[in-house]
Amino acid sequence: MNWEKIDAHAKQWVKEAGEIIRLSFDKTLNIQTKSNPNDLVTNIDKEIEQFFIRKIKEVYSDHKIMGEEGFGDEFKNPDGIVWLIDPIDGTMNFIHQQRNFAISLGIYENGIGRIGLVYDVVHDELYHAIRGKGAYMNDKLLPPLKEAGVKEAIIALNATWVMENNRIDHNLLIPLARDARGTRSYGTAALEMVFVATGRIDAYLSMRLAPWDFGGGTVIVEELGGIVTNLRGEKLNYLSKDSLLVAKPGLHQTIIRDYLKDGKW
Ligand code: 2AM
Ligand code: CA
Ligand code: CA
Ligand code: CA
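Residues numbered from 1 in each chain as written. Chains lettered and ligands numbered in written order. Predicted model: local features only at pLDDT ≥ 70, side-chain atom pairs only at ≥ 80, totals over all residues. Heavy atoms only, no water.

*Asks:* For this particular structure, what's the right way to read the coordination of the calcium ion (ligand 4)?
*Replies:* Four donors placed tetrahedrally around a metal ideally meet at 109.5 degrees, and six donors placed octahedrally ideally meet at 90 or 180 degrees. For the calcium ion (ligand 4), the full set of protein donor atoms is Glu-68 (OE), Asp-86 (OD) and Ile-88 (O), at a range of 2.2 to 2.3 Å. Taken in chain order, the donor set of the calcium ion (ligand 4) reads E-x17-D-x1-I. The class of Glu-68 is partly exposed, set by a relative accessible area of 23%. Under the relative-accessibility criterion, Ile-88 is labelled buried at 1%. (Donors = N, O, S within 2.8 Å, 3.2 Å for Na, K, Ca; no water. Buried < 20%, exposed > 50% of the residue type's maximum accessible area, 1.4 Å probe, protein only.)

*Asks:* Whenever I open this one, the coordination of the calcium ion (ligand 3) confuses me. Can you help?
*Replies:* For the calcium ion (ligand 3), the full set of protein donor atoms is Asp-86 (OD), Asp-89 (OD) and Asp-213 (OD), at a range of 2.0 to 2.2 Å. Donor residues binding the calcium ion (ligand 3) come from one chain and are separated in sequence as D-x2-D-x123-D. In this structure the calcium ion (ligand 2) is found 5.3 Å away from the calcium ion (ligand 3).

*Asks:* Looking at this structure, I do not really get the layout of surface pockets. What am I missing?
*Replies:* Gaps between atoms show up when a probe of the same size as a water molecule is rolled over them. Reported here for the largest pocket is a volume of approximately 1,300 Å³. Lining the largest pocket we find 38 residues, and of these Asn-38, Asp-39, Asn-158, Arg-208 and Leu-209 sit closest to its centre. Of all the elements, strand β12 (residues 203–209) adds the most residues to the lining of the largest pocket, at five residues. Per-class residue counts for the lining of the largest pocket are twelve nonpolar, 14 polar and twelve charged. Looking at which domains feed residues into the lining of the largest pocket, each of domain 1 (3–141) and domain 2 (150–260) gives three or more. The calculated volume of the second largest pocket comes to roughly 230 Å³. (1 Å grid on protein atoms, 1.4 Å probe; cavity = no way out; pocket = protein on both sides within 12 Å on 5 of 7 lines; lining within 4 Å. Points joined across faces, edges and corners; volume = space filled by probe spheres on them. Helix = DSSP H or I, 4+ residues; strand = E, 2+ residues; numbered from the N terminus. Nonpolar A, V, L, I, M, F, W, Y, C, P; charged D, E, K, R; others polar. Domains from an automatic or database assignment.)

These figures capture arrangement, not role.
Structure follows, in structure tokens:
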């Protein structure tokens, strides 16, 4: 497989999609809700997903596509080449702030991540990796991640997970939030993953994400020696929703062993 060629196409399309999103800032958005009143989608999310599908099908008609907004293909097995597309990760930020959102693309072969791209459209920062070929921010090679401990760590998580709720053992997250040097919440899983890759933060966790949220970021973080699992410490399956823990080496094992081990995640 010529991953460099696929990667070059993906890069070009992500940049073009970013330009469409930047131009949309001057236009009126059409905003709809999905599963609940805080689960939002706009005409631009849908337009960008359809843009990618059109481009991919033109050149790679045998590749399969899974996109958040549902314009991709229906399939149940990971065989062949699969593109995981989140046209806008951080839609609420896109709507309210016109920043702190990203395009995320993950390209998988038989369930194994080969290419990851996360594009911070507003800052024109493209995070990108081909498995085994290094991870980059724009054209700058990123250094491997160093080990870290909880007391020196900035950990990104959403405040709602630390509040009482019926889904998870929120009590277990309170000591983690307390022991960390600091906590942050950016509201965009894809960017929070690449912030771990660049060392801007040390770990990110979420209770429930989908393949299009973590597909691209995983390839980038793993290329640098970071660890990506669910909150039980198990490898993710790239066609299923799951919880997520992304962290520097050492820190990942510590968080699982000292904080999350007894949770029902
Ligand atoms: P999205 O913006 O593409 O929907 C927000 O904390 C992060 O969680 C974003 O990366 C967001 O992706 C993701 N997310 C996953 N499922 C969500 C949902 N049902 N509602 C809102 N955000 C969700
Ligand atoms: Ca969404
Ligand atoms: Ca998302
Ligand atoms: Ca999205």
